[in-house]
Structure formats: structure tokens, C-alpha cells
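Structural overview
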Amino acid sequence: MLDYLSRHWWAVAVRGGLAIAFGILAVAWPGVTLVALAILFGAYALVNGVIEAVAAFRAHGRHRTPLIVEAVLSIGLGLITLFWPGITIIAMTILIGIWAVVTGVAQIIAAVRLRQELTGEWLLILSGALSVVFGVILLFWPGTGAAAVAWILGIYAMIFGFALVFASLKLRRLGEAARTAEGPREGQRQQRR
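Figured I'd write up the structure that's included with this text. (Residues numbered from 1 in each chain as written. Predicted model: local features only at pLDDT ≥ 70, side-chain atom pairs only at ≥ 80, totals over all residues. Heavy atoms only, no water.)

This part covers the packing of aromatic side chains. Enumeration over the complete set of coordinates arrives at six aromatic pairs. Centre to centre, the rings of F41 and W99 are 5.3 Å apart; their planes meet at 80°, and the pair counts as edge-to-face. Here the residue F41 occupies a position in helix α3 (residues 34-58), and W99 occupies one in helix α5 (residues 89-114), the gap between them amounting to 58 residues. By relative accessible area, F41 is classed as buried at 0%. With centroids separated by 6.5 Å and ring planes inclined at 90°, the aromatic side chains of Y44 and W99 adopt a geometry described as edge-to-face. Of this pair, Y44 sits in helix α3 while W99 sits in helix α5, and the two are 55 residues apart along the sequence. Per residue, the accessibility class of Y44 equals that of W99, and both read buried. (Phe/Tyr/Trp six-rings, centres within 6.5 Å; stacked < 30°, edge-to-face > 60°. Helix = DSSP H or I, 4+ residues; strand = E, 2+ residues; numbered from the N terminus. Buried < 20%, exposed > 50% of the residue type's maximum accessible area, 1.4 Å probe, protein only.)

Now the structure itself:
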């Protein structure tokens, strides 16, 4: 899985960039209507889920399960939100809270499983923990109103996005280091032949 992530670090960076863009929009227009916020969130969750599904499809072994869980939940919530954007703020808040907790736990599990293969896994754990904290806040205070949800969601998305971008840069460096270390070994093998 680490090999896949280091070769496709840009997919993690894209997820982070989308989260940052979503966060900026949510904070810049906190008074946006619930329907517009729901559609924006639904689109983000759907794209996030598709990216996770591709990662799960390409991952091998036991590392694939957390990615599958996150992908299914993200795609499902994205589709529900896009098809029924007029759901009440409390229902939407609870759905977003559940999604954030479950996907955060899945991300923490994936990071813990990678800790022996990856240095700096704390960035993935941090983004997962932020998801869990964000989800718990929404579950305990669902009636906060559209503007408050927009602000909370926006700030969370920006922090989560920056954590993913930093993690992607770390993955890129790890991939480059692995390819550099692999290069001399390949040359030595060819010289022996």
C-alpha cells in the first residue's frame, strides 16, 4: 500500500486540495443556503469516495478494507446528499457527523497499519483524529444552524486538506527515496550478469 501511495501521492494531494477549496468556500459564504451547502458537500463526498475507491481497488491485502469502508460511506453519503439536498439541517448534520467519525476511524486504522512502512504516519493519524473530533462535535450539537455548520465544516475541511497535502508531500519524498535506493541495486544486478 505504501508503494501505491508513494507512486500516486498526487491523488492524496488532490483530495487535500479539494478539501481546502471546499473549506474556503464554506467559510467565505457561511450564510449560504442549506441546499447549496448540501450540494457542495455531496459533490465533495462523492469525489472523495471515488478517489478512495480507486485506491482500494489498487491496494493489496488487508490494507484495502479501511479504504473500501471510507469509499462506500463517502460515495453513499455524497449520492444521498445530492439526490435529497433539502434534508433538514439536523439530519444533514448527523449524517455528516457519522460520516466524519467512521471515515476518521478508517483513516487512523490505515495509518496505524502503515506505521512500520511509513515515517510521518502521524499526519494521516492527525487528519483521521480531526475527522473523529469534528464528527463527535456535530453529533453532540446537531442543532447549531447552517452558518455554524458551514464554519465548522469549512475549518475542518481546510485543516484536513492541509494535513493531506503535507502527507502527500511526505509520500512523494518517500517514493523518490525508494526509487533512488532501488536504482543502484538494479545497476549492481545488471553488472553481475
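Here we come to the environment of A26. The residue A26 is located in helix α2 (residues 9-28) in this model. The spatial distance from the C-alpha of A26 to the C-alpha of L153 is 7.0 Å, given a sequence separation of 127 residues. When sequence neighbours within four positions are dropped, the list of residues in contact with A26 reads A150 and G154. (Contact = heavy atoms within 4.5 Å.)

Here the focus is a nonpolar patch on the surface. Taken together, the side chains of V69, L73, I94, I98, V102 and L139 define a hydrophobic patch exposed on the protein surface, amounting to about 400 Å² of accessible area. For the nonpolar patch, the secondary structure elements donating two or more residues are α4 (64-83) and α5. Here the element with the most residues in the nonpolar patch is α5; it accounts for three residues. Locating I98 in the fold gives a position in helix α5. Using a relative accessible area of 44% as the deciding quantity, one classes I98 as partly exposed. (Patch = residues over 30% accessible without salt bridge, like charges linked within 9 Å, V, L, I, M, F, W, Y side chains within 5 Å. Areas by Shrake-Rupley, 256 points an atom, 1.4 Å probe, with all protein chains shown as cover. Salt bridge = Lys/Arg side-chain N within 4 Å of Asp/Glu carboxyl O.)

What follows covers the environment of I39. Positionally, I39 belongs in helix α3. Put simply, I39 and F83 are 44 residues apart on the chain and 8.7 Å apart in space, counted from C-alpha to C-alpha. If we skip the residues at most four places from it in the chain, I39 touches L82 and P85.

Let us now look at the environment of W84. On the secondary structure map, W84 appears in the loop between α4 and α5. Taking the C-alpha atoms as reference points, W84 and A38, separated by 46 residues in sequence, lie 8.6 Å from one another.

Attention now moves to the nonpolar core. Judged by nonpolar contacts, the single largest core of 27 residues is most densely connected at F41, I96, W99, F134, L153 and Y156. Elements with a contribution of two residues or more to this core: α2, α3, α5, α6 (122-140) and α7 (146-192). For this core, the element with the most residues is α7, which contributes nine residues. Core analysis: the second largest hydrophobic core is formed by five residues, Y4, A55, A56 and A59 among them. (Core = buried A, V, L, I, M, F, W, Y, C linked by side-chain atoms within 4.5 Å.)

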